[in-house]
Amino acid sequence: MLELLIDLWGFMRERKKFWLAPIVIILLLLGALIVLTEGSALAPFIYTIF
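Reading guide: rules and limits
Residues numbered from 1 in each chain as written. Predicted model: local features only at pLDDT ≥ 70, side-chain atom pairs only at ≥ 80, totals over all residues. Heavy atoms only, no water. Helix = DSSP H or I, 4+ residues; strand = E, 2+ residues; numbered from the N terminus. Buried < 20%, exposed > 50% of the residue type's maximum accessible area, 1.4 Å probe, protein only. Areas by Shrake-Rupley, 256 points an atom, 1.4 Å probe, with all protein chains shown as cover. Expected span 1.5 Å × (residues − 1). Phe/Tyr/Trp six-rings, centres within 6.5 Å; stacked < 30°, edge-to-face > 60°.

A. Focus on the overall build of the protein chain. Secondary structure summary: the protein chain contains three helices and zero strands in total. By residue count, 10% of the 50 residues in the protein chain fall in the buried class. Entry remark: accessible area of the protein chain is about 4,400 Å², with carbon and sulfur atoms responsible for 75%.

Here's what the structure looks like:
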């Protein structure tokens, strides 16, 4: 996983595509939110957002 992020950062730095960074960060945060709240009582409220 860390290797993937390092490669992605190298791609963005080399090709000057820094606008991709916020998109990647948002996607990672949303994925972590779904995984962490999967078994909790908050899950029905989180899934209604999407």
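Having seen the model, we can carry on.
B. The arrangement of helix H1 (residues 2–15) in detail. The end-to-end C-alpha distance of H1 is 20 Å, a good match for the 20 Å that 14 residues give at a rise of 1.5 Å each. Backbone geometry just after H1 places Lys16 at a positive phi near 60 degrees.

C. Just the packing of aromatic side chains, in detail. Enumeration over the complete set of coordinates arrives at one aromatic pair. With a centroid separation of 5.8 Å and an interplanar angle of 50 degrees, the aromatic rings of Trp9 and Phe18 are classed as tilted. Residue Phe18 is classed as partly exposed on the basis of its relative accessible area of 40%.

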